Amino acid sequence: MPASGAVTRNTLRQQIAGALRDEVLAGRLRPGQEFTVKQIAEQYGVSATPVREALVDLAGQGLLDSNQHRGFQVHRFSVEDFRGMIEARSLIVDGIFREGGAPRAHPAPGAALVSVRRRAEEAARAARCGDLNVLIGYDLRFWHELGALVTNRYIGEFLDRLRVQSWVFAVPRLRAEPELGEWLWSGHEQLVDAITRGDAAGARALIAADDDLALRWAERLERRPE
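Small disclaimer: the values here were computed from a predicted structure and weren't measured.

## Thoughts on the nonpolar core
Link 1 in the chain: If you look at the biggest cluster of nonpolar residues, it comprises 65 residues, and the most contacted ones within it are Leu 132, Trp 167, Leu 174 and Leu 191.
Link 2 in the chain: Apart from the residues within four sequence positions on either side, Leu 191 is in contact with Phe 142, Trp 143, Leu 146, Trp 185, Ala 203, Leu 206 and Ile 207.

## A word on the side chain of Ser 90
Link 1 in the chain: Looking at the element boundaries, Ser 90 is found in helix α4 (residues 79-97).
Link 2 in the chain: The buried category is assigned to Ser 90, whose relative accessible area is 18%.

## Points about the packing of aromatic side chains
Link 1 in the chain: Going through the model one piece at a time under the given rule, you end up with 5 aromatic pairs.
Link 2 in the chain: Ring centres of Phe 169 and Trp 217 lie 6.1 Å apart, and the angle between their planes is 70°; on these two criteria the pair is classed as edge-to-face. Here the residue Phe 169 occupies a position in helix α7 (residues 153-174), and Trp 217 occupies one in helix α9 (residues 200-222), the gap between them amounting to 48 residues. For the pair Phe 169 and Trp 217, one class covers both residues: buried.
Link 3 in the chain: When the ring centre of Tyr 138 is taken as reference, the NZ or CZ atom of Arg 141 above it lies at 5.0 Å.

## Section: α4
Link 1 in the chain: For α4, which comprises 19 residues, the first-to-last C-alpha distance of 27 Å matches the rise-based estimate of 27 Å (1.5 Å per residue) to within 8%.
Link 2 in the chain: Every buried residue of α4 is accounted for by Val 79, Phe 82, Arg 83, Met 85, Ile 86, Arg 89, Ser 90, Val 93, Ile 96 and Phe 97. Down the axis of α4, the buried set is contained in an arc of 155°. They therefore lie on one face. Away from its buried face by more than 90 degrees, α4 exposes Glu 80 and Leu 91.

## A short note on the sheet that holds strand β3 (residues 71-74)
Link 1 in the chain: Reading across the sheet, the 3 strands line up as β1-β3-β2 and stay open at both edges, with antiparallel pairing between neighbours. Every interior strand has two partners, whereas the edge strands, β1 (34-35) and β2 (64-67), have only one.
Link 2 in the chain: In this structure, β2 lies alongside β3, joined through 4 bridges in antiparallel fashion. The partner of Asp 65 across the bridge, within β3, is Gln 73.

## Some thoughts on the environment of Val 114
Link 1 in the chain: Along the chain, Val 114 turns up in helix α5 (residues 114-129).
Link 2 in the chain: For Val 114 and Val 192, which are 78 residues apart along the polypeptide, the C-alpha to C-alpha distance reads 9.8 Å.

## Points about the environment of Leu 12
Link 1 in the chain: Within the secondary structure layout, Leu 12 lies in helix α1 (residues 2-26).
Link 2 in the chain: Between the alpha carbons of Leu 12 and Pro 50 there is a distance of 6.4 Å; along the sequence they are 38 residues apart.
Link 3 in the chain: Apart from residues lying up to four places away in sequence, Leu 12 is in contact with Val 46 and Pro 50.

## Some details on the pattern of salt bridges
Link 1 in the chain: What the rule picks out here adds up to 17 salt bridges.
Link 2 in the chain: Glu 145 is paired through a salt bridge with Arg 119; the nearest N and O atoms lie 2.9 Å apart. Of the two residues, Glu 145 is situated in helix α6 (residues 132-150) and Arg 119 in helix α5; the sequence distance between them amounts to 26 residues.
Link 3 in the chain: Glu 157 serves as the salt-bridge partner of Arg 153, at 3.3 Å between the closest nitrogen and oxygen. One end of the pair is Arg 153 and the other is Glu 157, both in helix α7 and 4 residues apart, which spans about a single turn.
Link 4 in the chain: Judged by its relative accessible area of 51%, Arg 153 falls in the exposed class.

## As for the confidence of the model for the protein
Link 1 in the chain: Looking at the protein, the pLDDT average stands at 88 and 89% of residues meet or exceed 70.
Link 2 in the chain: Mean pLDDT across the elements of the protein ranges from a minimum in strand β5 (residues 102-103), with 42, to a maximum in α5, with 95.
Link 3 in the chain: Scored below 50 in pLDDT, residues 1-7 shows 0 contacts in the model against residues more than four places distant or in partner chains.
Link 4 in the chain: Across residues 100-106, confidence stays below pLDDT 50; counting only partners more than four residues off in sequence or on other chains, it has 14 contacts.

Cut-offs applied
Residue indices follow the written sequence of each chain, beginning from 1 at its first position. Under the rules for a predicted model, residues below a pLDDT of 70 receive no local features and side-chain atom pairs below 80 are neither given nor counted, while totals for whole chains, interfaces and linings still include all residues. Excluding hydrogens and water, the side-chain figures rest on all heavy atoms present in the structure. What we call a nonpolar core is a set of buried Ala, Val, Leu, Ile, Met, Phe, Trp, Tyr and Cys residues that are connected through their side-chain atoms within 4.5 Å. The classification of residues rests on relative accessible area computed with a 1.4 Å probe and restricted to protein chains. Under 20% of the type maximum is buried, over 50% is exposed, and intermediate values are partly exposed. By definition, residues are in contact when any of their heavy atoms lie within 4.5 Å. Secondary structure elements follow DSSP: runs of H or I of four or more residues count as helices, runs of E of two or more count as strands, with numbering from the N terminus. Here is the rule: rings of Phe, Tyr and Trp (six-membered ring for Trp) pair when centre to centre is within 6.5 Å. Planes less than 30 degrees apart are stacked, more than 60 are edge-to-face, and the remainder are tilted. Criterion for a charge above a ring: Arg CZ or Lys NZ at most 6 Å from the ring centre, at most 35 degrees from the ring normal. Given the number of residues in a helix, its expected span is that number minus one, multiplied by 1.5 Å. Starting at the helix axis, one direction is taken to each C-beta atom, and the arc is that of these directions. Two strands qualify as a pair provided DSSP detects at least 2 bridges between them. Salt bridge criterion: a side-chain nitrogen from Lys or Arg within 4 Å of a carboxyl oxygen from Asp or Glu. Per-residue confidence from the predictor is given as pLDDT, running between 0 and 100.

Okay, structure coming up:
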C-alpha cells in the first residue's frame, strides 16, 4: 500500500507539473503572476502535497520563483535572458556537430526518424500558418526526439530546458506581433533531411538560421518599449 500510494502521488505530481507548465507555455499563466499551493490544490481538486512538489519541480526548472511568504510566481525572463539562452544553445549545438572542426554527425537510419519527421512536418506547417498554439507543442517534441538521436541524455535534457524557457519568454510577446509568421522558424523538415543524409554542415546551418532569427527578434524587442 505505501508503495502504491507513492506511485500515485508521483504520477499526480508529474501530471500537475505538466499541466502548469503547459499553462505557462501557452501564456495563460503570465510572467509575474502569483499563486499559492492552496489555490492550485483547490483548482485541481487534489491535496497540497503533490501540488507543492510539482511547484518545486517547476521552480527547479527555472519557470517559477518561490517566495516563502507569498507562494510562487511565474518567472519573468528578460530579453537579455532570452539572448543568453539562444547563445548557449548555439554553442552546445556547435559542440554536437563539430569536434575539432570536423563534422561528427552520421547518417541516421530512416526508421529512427519516422516519428521525428512527423513532428517536423506538423511543426513546420504550424510555423508557416502562424499557429502558435500548435507550434509550441510540436516544436518541443521535435527537438526532444531529435536530441535523443544526435546527442547524449544530459545534453538533451539541458537543451530541452533552454528551449522551454525560451518559449516561456517568447509566447506572450509573439502573440502581440502583427506579423507573427515572420518570426517563426519553419526549417524542421529540412533539418531532418540533413541529419538523415549525415550532412552535419547543412544541419548546423539550418539550426544557425533558427538562432539568428531569434537573435534578430531579440534586437527588435530591445528597440521598442515593453
